[in-house]
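Residue strings, one per chain:
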Amino acid sequence: MRTLWKSVALAGVLGLGTEAAAEGWHGYASLGAGITLDHLSDFHAKGPALHGYLGVESPPGLSLGLLAEVSETWGQQQFPVAADPNRLERAQLDYKAVGIEARLRFFRDKPINPWVGARLSKSWSSSFTPDDAGRLLREKIDTTSMAFRLGIDGWFNSRWGLSVATAFQFCDVKFTEEAIKECAEPLHSVIAGPVLRF
């Protein structure tokens, strides 16, 4: 949690120094689809992801909003299933996340707006991963996760645009050692979709 507040504070300082901030408050809503990639573990999993965001933005360009994200990935390697060792399956790393996200948007009066963000969310997963013997077992994981995001929004008019963003999601390592062991390596996502400004 301390890391999140530091990120929000840094975003606030940067936002106050942005010269190109547009006047007034705005709401933002976006819905995107894309891919989640597991670059850092031995599973090398990948699969689809969906992301939704609804937030309110202050005049300096700092916003806070609610998010929901769902992803399901499959690994490249195959492992025997515990119930039937003759059957091979691929590892699955899935999650559903609901939480809050802070964003800092730059050049709000321009047709192209880059932004940075940090989120804190509650995550649920029923991952299908190997145990110490290499057999696939289903585990239900309920934890807290964090993600850092980079994005860019391009506007067709004053209300509608296209948003493209990338993020790295981490499990919250401030919880118990057992929770750390349950978490996968950071998952990288790339999401694109329409964005509405109101």
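About the criteria used
- Residues numbered from 1 in each chain as written.
- Predicted model: local features only at pLDDT ≥ 70, side-chain atom pairs only at ≥ 80, totals over all residues.
- Heavy atoms only, no water.
- Helix = DSSP H or I, 4+ residues; strand = E, 2+ residues; numbered from the N terminus.
- Salt bridge = Lys/Arg side-chain N within 4 Å of Asp/Glu carboxyl O.
- Buried < 20%, exposed > 50% of the residue type's maximum accessible area, 1.4 Å probe, protein only.
- Polar contact = N/O pair within 3.5 Å; in protein donor to acceptor, adjacent residues only side chain to side chain.
- Contact = heavy atoms within 4.5 Å.
- Phe/Tyr/Trp six-rings, centres within 6.5 Å; stacked < 30°, edge-to-face > 60°.
- Lys NZ or Arg CZ within 6 Å of the ring centre and 35° of its normal.

Trainee: Tell me about the environment of V70, residues and numbers included.
Mentor: Of note, V70 is situated in strand 3 (residues 62-80). Sequence separation between V70 and L50 is 20 residues; the distance between their C-alpha atoms is 5.3 Å.

Trainee: Could you give an account of the pattern of salt bridges, naming the residues involved and the relevant values?
Mentor: On inspection of all chains with the given rule, the structure shows eight salt bridges. Among the ionic pairs, D142 bridges to K122, the shortest N-O distance being 3.3 Å. Taken together, the residues span a long stretch of sequence, with D142 in strand 8 (residues 141-155) and K122 in strand 5 (residues 112-125) at a distance of 20 residues. We classify K122 as partly exposed; its relative accessible area is 35%. It is possible to trace a salt-bridge network through shared partners that takes in E57, R105, R108 and D153.

Trainee: Tell me about the side chain of E69, and name the residues and values.
Mentor: Position of E69 relative to the elements: it lies in strand 3. What makes E69 buried here is its relative accessible area of 2%. Side-chain polar atoms of E69 contact the side chain of Y95, separated by 2.5 Å. A polar side-chain atom of E69 sits 3.2 Å from a polar atom in the side chain of R119. Those residues in contact with E69, other than ones at most four positions away along the chain, are L50, H51, Y95, K96, A97, R119, R149, Q169 and S189.

Trainee: Tell me about the packing of aromatic side chains, and please be specific about residues and values.
Mentor: With the rule as written, the count across this model stands at three aromatic pairs. Judged by centre distance (6.5 Å) and plane angle (85°), the rings of F43 and F79 are edge-to-face. One end of the pair, F43, is in the loop between strand 1 (26-37) and strand 2 (46-57); the other, F79, is in strand 3, with 36 residues separating them in the sequence. The class for F79 is buried, based on a relative accessible area of 15%. Ring geometry for F148 and F170: centres 6.3 Å apart, planes at 65°, overall edge-to-face. Remark: F170 occurs in strand 9 (residues 160-171) and F148 occurs in strand 8; sequence separation between them is 22 residues. Residue classification places F148 among the partly exposed positions, given a relative accessible area of 36%. A relative accessible area of 35% means that F170 is categorised as partly exposed. R197 extends its terminal NZ or CZ atom over the ring of W155, reaching a point 3.9 Å from the ring centre.

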